[in-house]
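Observations on the three-dimensional arrangement
One letter stands for each residue in the lines below.
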Amino acid sequence: MSPDTAPYKTPESTPDQTSPQKREPTQGTNPVAAIAIAIVISMILAGIGLVSFLRSDTKKNIALIQQSSNQQATDGNVVIDETSPLTESDLSQIRSAIEKDIDALRNDVDFNANELTDAALGL
Amino acid sequence: MEQRLAEYQADFPIKLTSEESAALASACSGAQTVLRRIADRLSTVVESRDKAYATADARLTAVQKRLSNQSLDTSVIDAALIGYRKDVNSYNDALGLYRQALDDAVRMDCGANPAAFRSSLEAIRSYRKRTADAANTIKSFVEQDLSTAFATLTERLKEVK
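A word on the pattern of salt bridges. Tallied over the entire structure, the rule returns 17 salt bridges over all chains. Of the charged contacts in the structure, one is a salt bridge between Asp 110 of chain A and Arg 49 of chain B, with a shortest N-O distance of 2.9 Å. Separated into two different chains, Asp 110 of chain A in helix H4 (residues 107–110) and Arg 49 of chain B in helix H2 (residues 18–69) make up a pair that spans both. Take Asp 110 of chain A and Arg 49 of chain B: they sit in the same class, and that class is buried. For Asp 104 of chain B, the salt bridge goes to Arg 4 of chain B, with nearest N and O atoms at 2.7 Å.

Structural data, given as structure tokens:
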């Protein structure tokens, strides 16, 4: 067997892998106390976050977004509620609004027969 | 356009004497100016009407959604919406014919074919009436059928309470 193909030999100085290592316990650390401290710190941070949220405009903005999501704008002018529970009062208002819109259309003026007579056309 | 002019002449046949034909040929360009003005004004009218009809449709659709969200029967508003949309579609169909006939009468060479111009005028008058009738039908639907539908819905809401 040539030296190039000889199996790798572990150096004499390498420690025995099979022998158990002894770890010195860290002095002065109690795992239960560390966990308790972490919990307390996270609760304090959560509390600070909650107070900041309640004092900021974010809460108001969310309320506005929720309110506007209940409504639909058909043409930028008319806002129509699509989600809140329907009441008798709502029905009355919706009926009046539809009648008002349609009544405002002047069929006799918009489609006036008199403007199409021979005389009106100069014939 | 030539095909439509032929259709106007088939649907509204006009016999002109040579004197009538000559008189119409000389005066028709003035009539076209008036018709163009009517067509332009109609565009504004249509815009406001489209908005009004669409808003009414959106209001009815919202009622339908809100009832559905409350797990209430929507059959009354469903039927009202179907009836309303049918009437609006009829109006739009008539309006399309009216505007097309106006456009054809304005653009055609009326001096060269006065009989076709006269037929197109009759088509305009006929389609105007159809459009006005359809608009009146929508109005009647809102005043009567829709009013009845809303009264029924109100009663049902009272029963649910």
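Residues and elements named next belong to chain B. Within the structure shown, the criterion is met by 1 disulfide over all chains. In this model Cys 28 forms its disulfide with Cys 110; the gap between the sulfur atoms is 1.9 Å. Disulfide Cys 28 to Cys 110: torsion about the S-S bond roughly 75°, handedness right-handed. Pair noted here: Cys 28 is in helix H2 and Cys 110 is in the loop between helix H3 (75–107) and helix H4 (114–160), with a separation of 82 residues, a long-range link. Per residue, the accessibility class of Cys 28 equals that of Cys 110, and both read buried.

Quick look at the interface of chain A and chain B now. Residue-level contacts link 40 residues of chain A with 52 residues of chain B. Interface of chain A and chain B: buried area, both sides summed, is about 4,000 Å²; carbon and sulfur atoms make up 62% of it. Looking only at chain A, the three residues that lose the most surface to chain B are Glu 88, Phe 111 and Leu 116 of chain A, adding up to 19% of its buried area. Here chain A is connected to chain B by 8 salt bridges. Taking the shortest distance from any N to any O, the salt bridge between Glu 82 of chain A and Lys 65 of chain B comes out at 3.0 Å. Of all the secondary-structure elements, those providing two or more residues to the side of chain A that touches chain B are strand S2 (79–81), helix H3 (88–103) and H4 of chain A. Looking at which element gives the most residues to the side of chain A that touches chain B, the answer is H3 of chain A, with 11 residues. Taken together, the residues of the side of chain A that touches chain B sort by class into 17 nonpolar, 10 polar and 13 charged.

Space inside the largest pocket adds up to approximately 180 Å³. Lining the largest pocket are Val 79, Ile 80, Asp 81, Asp 90, Gln 93, Ile 94 and Ala 97 of chain A together with Arg 59, Ala 62 and Arg 66 of chain B. Taken together, the elements giving at least two residues each to the lining of the largest pocket come down to S2 and H3 of chain A together with H2 of chain B. The leading source of residues in the lining of the largest pocket is H3 of chain A, at 4 residues. Of the residues that constitute the lining of the largest pocket, the class distribution is 5 nonpolar, 1 polar and 4 charged.

Before going further, it helps to spend a moment on the environment of Leu 16 of chain B. All names here are of chain B. Within the secondary structure, Leu 16 is located in the loop between helix H1 (2–11) and H2. Linking Leu 16 and Leu 157, residues 141 residues apart in sequence, is a C-alpha distance of 64 Å. Other than its neighbours up to four places away in sequence, Leu 16 contacts Ser 21, Leu 24, Pro 114 and Ala 115.

Residues and elements named next belong to chain A. A contiguous nonpolar surface patch, about 580 Å² in accessible area, is contributed by Ile 37, Val 40, Ile 41, Ile 44, Leu 45 and Ile 48. Counting through the fold element by element, Leu 45 comes out in helix H1 (residues 31–55). Since its relative accessible area comes to 55%, Leu 45 is described here as exposed.

The next thing to look at is the side chain of Asp 104 of chain B. All names here are of chain B. Structurally, the position occupied by Asp 104 is in helix H3. In this structure Asp 104 comes out as buried when scored by relative accessible area, which is 0%. When sequence neighbours within four positions are dropped, the list of residues in contact with Asp 104 reads Met 1, Arg 4, Leu 5 and Tyr 8.

Under the definition given, this model contains 3 aromatic pairs over all chains. One aromatic cluster is present, formed by Phe 111 of chain A together with Tyr 53 and Tyr 91 of chain B through successive ring pairs.

Formed by 58 residues in total, the largest nonpolar core has its most connected members in Leu 35, Tyr 84, Tyr 98 and Phe 117 of chain B. Among the secondary structure elements, those contributing two or more residues to this core are H3 of chain A together with H1, H2, H3 and H4 of chain B. The biggest single contributor to this core is H4 of chain B, with 17 residues. Those residues within four positions of Leu 35 of chain B in sequence are excluded, and the remaining contacts are Leu 116 and Leu 121 of chain A together with Leu 102, Ala 105, Val 106, Phe 117, Leu 121 and Ile 124 of chain B.

To continue, consider the confidence of the model for chain A. All names here are of chain A. With 59% of its residues at a pLDDT of at least 70, chain A reaches an overall mean of 73. The spread of mean pLDDT over the elements of chain A runs between helix H2 (residues 58–68), the lowest at 49, and H3, the highest at 94. Across residues 63–69 the pLDDT falls below 50, and counting only partners more than four positions away or on other chains, this stretch makes 1 contact in the model.

Here is what the cut-offs are and how they apply
By convention here, each chain's residues receive numbers from 1 onward along its written sequence. Chains and ligands are labelled by the order in which they are written, letters from A for the one and numbers from 1 for the other. Side-chain atom pairs in this predicted model are given and counted only at pLDDT of 80 or more, local residue features only at pLDDT of at least 70, and totals for whole chains, interfaces and linings cover all residues. Excluding hydrogens and water, the side-chain figures rest on all heavy atoms present in the structure. For salt bridges, the criterion is a side-chain nitrogen of Lys or Arg within 4 Å of an Asp or Glu carboxyl oxygen. Comment: elements are numbered from the N terminus, with helices defined as DSSP H or I runs of at least four residues and strands as E runs of at least two. Relative accessibility decides the category of a residue: with a 1.4 Å probe and only protein chains considered, values under 20% of the type maximum give buried, values over 50% give exposed, and everything between is partly exposed. The disulfide criterion is simple: two cysteine sulfur atoms within 2.5 Å. Residues are treated as being in contact if the distance between any of their heavy atoms lies within 4.5 Å. Simply put, the buried area is the total loss of 1.4 Å probe accessible area from both parts when two parts are fitted together. Put simply, Ala, Val, Leu, Ile, Met, Phe, Trp, Tyr, Cys and Pro go in the nonpolar bin, Asp, Glu, Lys and Arg in the charged bin, and everything else, Gly too, in the polar bin. Using a 1 Å grid laid over the protein atoms alone, points where a 1.4 Å probe fits but cannot get out form a cavity; open sets with protein on both sides within 12 Å along at least 5 of 7 lines form a pocket; any residue with an atom within 4 Å of a point counts as lining. Grid points are joined across faces, edges and corners, and a volume is the space filled by probe spheres set on the points. In this scheme, patches are assembled from residues that exceed 30% relative accessible area and form no salt bridge. Like charges are connected within 9 Å, while nonpolar side chains (Val, Leu, Ile, Met, Phe, Trp, Tyr) are connected within 5 Å. Each accessible area value is a Shrake-Rupley result obtained with a 1.4 Å probe; residue values ignore everything except the protein chains displayed when judging cover. Two aromatic rings, drawn from Phe, Tyr or Trp (for Trp, its six-membered ring), form a pair once their centres lie within 6.5 Å of each other, and the interplanar angle then sorts them: stacked below 30 degrees, edge-to-face above 60, tilted otherwise. Nonpolar cores were defined as sets of buried Ala, Val, Leu, Ile, Met, Phe, Trp, Tyr and Cys residues, with membership established by side-chain atoms within 4.5 Å. The quantity called pLDDT is the predictor's confidence in a given residue, expressed from 0 to 100.

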